[in-house]
Amino acid sequence: MLNIILFGPPGSGKGTQSEKLIAQYGLKHLSTGDLLRSEIAAQTPLGIEAKAIMDKGHLVPDEVVIGMISSALEANPTANGFLFDGFPRTEAQSIALDGLLELKNTEIALVLSLEVSEEELVKRLLQRGLTSGRSDDTNENVIRARIVEYHKKTSVVADYYKKFDKVKNIKGEGTVDEIFNALSEEVNKFSL
Ligand code: B4P
């Protein structure tokens, strides 16, 4: 089983590269952003609460996203491995994920960390906001709040996995294919 975290600030290309990585390596894609947006679309109580938080550029409470990931792991007992996209985003989420994987006698093999400058992030997200219908992509103040939240709460996740020597930094600027090749080079060091 191969479990990978795709890590990076909002707009760094996690969603974009996840699509290519799951197609290439047959991993199950678990994106907390996508799971939250499905709840919003279905107008569940969780979705309504999450939308108000996401529209401010803040993180949804740990217990909510940990619960969603726990259910998704349970629902996929035969997966070859998981690609975690946008999760974990806090140290508490990292510790919880390690515990959940331990129950399945497995662990995170690799954390791929995409590095992109702040101005490029803002440019990409505003551009996506023109067509995505995502309310958190249309306002520059909200986008910058998400980046602040990333520096305050999420960048420590890389430090957590660095202690276990699992982090590879990847330049996240260039063409989608160039970045995918750099990511694949790291994944290919692990056999499925
Ligand atoms: P996410 O859905 O995870 O969204 P994201 O970080 O904004 O996007 P992503 O990084 O996947 O986008 P991509 O670069 O692919 O989170 C949304 C919100 O949900 C969070 O703010 C938070 O409120 C909440 N949330 C989610 N997970 C949570 C958790 N674990 N805990 C608490 N809260 C949580 O794409 C960006 C754009 O760049 C696209 O338009 C793409 O086409 C473009 N792009 C990609 N690669 C490019 C390249 N190489 N060159 C040029 N453009 C490129």
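Residues numbered from 1 in each chain as written. Predicted model: local features only at pLDDT ≥ 70, side-chain atom pairs only at ≥ 80, totals over all residues. Heavy atoms only, no water.

## A few points about the packing of aromatic side chains
Phase 1 of the analysis: Enumeration according to the criterion identifies 5 aromatic pairs in this entry.
Phase 2 of the analysis: Taken together, a centroid distance of 6.0 Å and an interplanar angle of 35 degrees make the contact between Phe82 and Phe84 tilted. Each member of the pair Phe82 and Phe84 is classed as buried.
Phase 3 of the analysis: The interplanar angle of 90 degrees and the centroid separation of 4.9 Å between the aromatic rings of Tyr160 and Tyr161 together place this pair among those described as edge-to-face.
Phase 4 of the analysis: Given the relative accessible area of 1%, Tyr161 is considered buried.
Phase 5 of the analysis: Three or more aromatic residues joined by ring pairs make a cluster, and in this case those are Phe82, Phe84 and Phe87.
Phase 6 of the analysis: The residue whose ring lies beneath Lys20 is Phe180, and the NZ or CZ to ring-centre distance is 5.1 Å. (Phe/Tyr/Trp six-rings, centres within 6.5 Å; stacked < 30°, edge-to-face > 60°. Buried < 20%, exposed > 50% of the residue type's maximum accessible area, 1.4 Å probe, protein only. Lys NZ or Arg CZ within 6 Å of the ring centre and 35° of its normal.)

## Details of the sheet that holds strand 1 (residues 4-7)
Phase 1 of the analysis: In space, the 5 strands of this open sheet follow the order 2-3-1-4-5, with parallel pairing throughout. The sheet terminates laterally at strand 2 (28-31) and strand 5 (167-171), the two strands that pair on one side only. For this sheet the average axis-to-axis angle between neighbouring strands, irrespective of direction, equals 20 degrees.
Phase 2 of the analysis: Examined bridge by bridge, strand 4 (residues 110-115) and strand 5 share 5 bridges and lie parallel to one another. Across the sheet, the residue bridging to Leu112 is Lys168, located in strand 5. (Pairing = 2+ DSSP bridges. Helix = DSSP H or I, 4+ residues; strand = E, 2+ residues; numbered from the N terminus. Axes fitted to C-alpha atoms, helices over the stretch in contact; angles between N-to-C directions.)

## Comments concerning the environment of Ile179
Phase 1 of the analysis: Counting through the fold element by element, Ile179 comes out in helix 8 (residues 176-187).
Phase 2 of the analysis: Overall, Ile179 belongs to the buried group, its relative accessible area being 7%.
Phase 3 of the analysis: Sequence-wise, Ile179 and Leu114 are 65 residues apart; in three dimensions their C-alpha atoms are separated by 8.9 Å.
Phase 4 of the analysis: Once residues lying within four places of it in the same chain are set aside, the contact partners of Ile179 are Gln17, Leu114, Lys171, Gly172, Glu173 and Gly174. (Contact = heavy atoms within 4.5 Å.)

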